[in-house]
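This is what each chain is made of:
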Amino acid sequence: MQVSLQGKNILITGGVRGIGRAMTEAAAKAGGHVIATYLSNEATAKDVIGGLQSQGLNVHACKLDVRDSKQVDEAVAALESEYGPIEVLINNAGIVKDGLLMAMEDDDWNDVLNTNLGGAFHVTRAVARQMIRARRGQIINISSVAASRPGRGQVNYAASKGGIEAATKALAVELSSRNIRVNCIAPGVITTEMSQDVREAAGDKILESILLKRFGNPEDIANMAVFLASDLASYITGEVIHIDGGLKL
Ligand code: NAD
């Protein structure tokens, strides 16, 4: 069985590091043309994308702050006029700002909600315009195990990820008549910069709760994203797929 994304333009937010970087590489290796967005670090983005291009992969980078809906609309329009319609969107960009409720500032709440949930809304609305016209598309949102099994100090993050799971289902309902599938992946603890502090502070304790007794690799998530984006998943929509080594249980 071969997973192919041949001929598809794939937009991955936050696609140059962590889980996003792994998805960029996997999607390009499956034959897709990937546009990976980065927030600010142009030098790193050029490095990563240049490295992938030198392996013969069809990837490009685009600077984008998903919180800024005007910037998102303009960037998506520019990308579509340069490369053609985007067929696959992966809403991966996300941040954490953990803290107990009584110490949580308005900015901690707003930044996390505006990035993780608002950002996905902005990019989805911009990209769906063309998908609806084309009557074809796949949208993959990245949630977290925190939506169903939050830790202490995660009220903002868990709310943003619970929101993206609910939005996934609502969008699947709304867009199915246009042949657009919408799914969500909920990763457990994955070895990226984002989870570094948590792994360092409580790694052994967390490992005890993971049935498979290891943290996930970015590739564990990327493999599912590529599958969901491909035609092999053509009868799957509105799903939240947990990839957490059994942590949720
Ligand atoms: P990461 O910090 O390595 O990557 C996050 C990416 O999001 C970065 O590329 C960053 O530049 C981008 N980003 C942040 N704010 C942005 C903004 N305003 N506009 C555009 N891009 C922005 O983290 P990661 O672990 O690779 O996380 C990727 C996704 O997976 C996130 O949505 C995260 O919540 C989710 N997730 C991660 C884990 C984990 O253990 N690492 C677990 C569950 C879910």
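Our subject is the structure listed above.
All figures in this text were calculated on a predicted structure; none of them were measured in a lab.

J.: Where do I start with empty space enclosed by the protein in this structure?
T.: Any empty space left between atoms is shown by rolling a water-sized probe over those atoms. With the rule as written, the count across this model stands at one cavity of 30 Å³ or more. The volume enclosed by the largest cavity comes to roughly 70 Å³. Lining the largest cavity are 13 residues, with Asn-91, Asn-92, Ala-93, Asn-116 and Ala-120 positioned closest to its centre. Tallied by class, residues from the lining of the largest cavity come to six nonpolar, six polar and one charged.

J.: Sorry if this is basic, but what is going on with a nonpolar patch on the surface here?
T.: Judged by side-chain polarity, Leu-101, Met-102, Trp-109 and Val-155 come together as a nonpolar surface patch covering roughly 460 Å² of accessible area. Residue position: Leu-101 is located in the loop between strand E4 (88-91) and helix H4 (106-134).

J.: I keep staring at the pairing of strand E5 (residues 137-142) and nothing clicks. Help me out?
T.: As a general feature of sheets, a regular strand has side chains that alternate between the two faces. Within E5, six of the six residues are buried, leaving the element largely enclosed by the surrounding structure. Taking every second residue as pointing to the same face, both faces of E5 are buried, with Gly-137, Ile-139 and Asn-141 on one and Gln-138, Ile-140 and Ile-142 on the other. Pairing analysis gives four bridges linking E4 to E5, with the strands arranged parallel. Across the sheet, residue Ile-90 finds its bridge partner in E5, namely Ile-140. With H4 bridging E4 and its parallel neighbour E5, the resulting β-α-β unit is right-handed.

J.: Would you take a moment to explain the layout of surface pockets for this structure?
T.: For the second largest pocket, the calculated volume is near 210 Å³. Along the wall of the second largest pocket there are 13 residues; nearest its centre are Ala-120, Phe-121, Thr-124, Arg-125 and Leu-171. Contributing elements (two or more residues each) for the lining of the second largest pocket: H4 and helix H5 (155-175). With seven residues, H4 is the largest single contributor of residues to the lining of the second largest pocket. The residue makeup of the lining of the second largest pocket, split by class, is nine nonpolar, two polar and two charged.

Basis of the calculations
Residues numbered from 1 in each chain as written. Predicted model: local features only at pLDDT ≥ 70, side-chain atom pairs only at ≥ 80, totals over all residues. Heavy atoms only, no water. 1 Å grid on protein atoms, 1.4 Å probe; cavity = no way out; pocket = protein on both sides within 12 Å on 5 of 7 lines; lining within 4 Å. Points joined across faces, edges and corners; volume = space filled by probe spheres on them. Nonpolar A, V, L, I, M, F, W, Y, C, P; charged D, E, K, R; others polar. Patch = residues over 30% accessible without salt bridge, like charges linked within 9 Å, V, L, I, M, F, W, Y side chains within 5 Å. Areas by Shrake-Rupley, 256 points an atom, 1.4 Å probe, with all protein chains shown as cover. Salt bridge = Lys/Arg side-chain N within 4 Å of Asp/Glu carboxyl O. Helix = DSSP H or I, 4+ residues; strand = E, 2+ residues; numbered from the N terminus. Buried < 20%, exposed > 50% of the residue type's maximum accessible area, 1.4 Å probe, protein only. Pairing = 2+ DSSP bridges. Right-handed = clockwise from strand over helix to strand, strands pointing away.

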